[in-house]
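Residue-level structural notes
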Amino acid sequence: MAQQDVDGSVARSSGMRIGEVAAHLGVRTSALRVWESAGLLTPRRAPGTGYRTFSSADVRDARMINMLRQGRYPMSQIRPILDGPAQDGQQRGASRRHHARRRRS
């Protein structure tokens, strides 16, 4: 059964599979696999089947990655943005600092 989180993401309590996440975000499953292989996403693997299971946090990160990629951010600059809020707890501050650095380069 799907639930809608506070941030608007939709995830079942058991998680979403890759096709469901791709459809929800309007991206191809191959994009999610590329982001995973680049270390930007780390969905759990279901025991026995090995299917990817995306938590609501994984879906949130995938949404952020998708928005940044649409803004032509290189993959190497996305990881620090995703990690920033977890390190200092201030997402807006991390985003502003990153954008300021990006404008200077």
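Structure's up top.
Figured I'd write up the structure that's included with this text. Remember, predicted model here, so these are calculated numbers, not experimental data.

**Thoughts on the overall build of the protein chain**
A count of helical and extended segments in the protein chain gives five helices and four strands. Shown N-terminal to C-terminal, the secondary structure of the protein chain runs as helices and strands in the order β-β-α-α-β-β-α-α-α. A total of 105 residues make up the protein chain; the buried ones form 32% of that total. Within the protein chain, counting contacts between residues at least 6 apart in sequence, those at least 24 apart form 46% of the total.

**With respect to the nonpolar core**
Grouped together as the largest cluster of nonpolar side chains are 20 residues, with contacts concentrated most on Val21, Leu32, Trp35, Leu41, Ile65 and Ile78. When residues of this core are traced back to their parent elements, those giving at least two are α1 (18-25), α2 (29-37), α3 (56-70) and α4 (75-88). For this core, the element with the most residues is α3, which contributes five residues. If we skip the residues at most four places from it in the chain, Leu41 touches Leu32, Trp35, Glu36, Phe54, Asp58, Asp61, Ala62 and Ile65.

**Some words on the pattern of salt bridges**
As enumerated under the stated definition, the model contains four salt bridges in all. The salt bridge partner of Arg52 is Glu36, with a shortest N-O separation of 2.4 Å. Here Glu36 lies in helix α2 and Arg52 lies in strand β4 (residues 52-53), a separation of 16 residues in the sequence. Residue Glu36 is classed as buried on the basis of its relative accessible area of 19%.

Reading the values: rules and limits
- Residues numbered from 1 in each chain as written.
- Predicted model: local features only at pLDDT ≥ 70, side-chain atom pairs only at ≥ 80, totals over all residues.
- Heavy atoms only, no water.
- Helix = DSSP H or I, 4+ residues; strand = E, 2+ residues; numbered from the N terminus.
- Buried < 20%, exposed > 50% of the residue type's maximum accessible area, 1.4 Å probe, protein only.
- Contact = heavy atoms within 4.5 Å.
- Core = buried A, V, L, I, M, F, W, Y, C linked by side-chain atoms within 4.5 Å.
- Salt bridge = Lys/Arg side-chain N within 4 Å of Asp/Glu carboxyl O.

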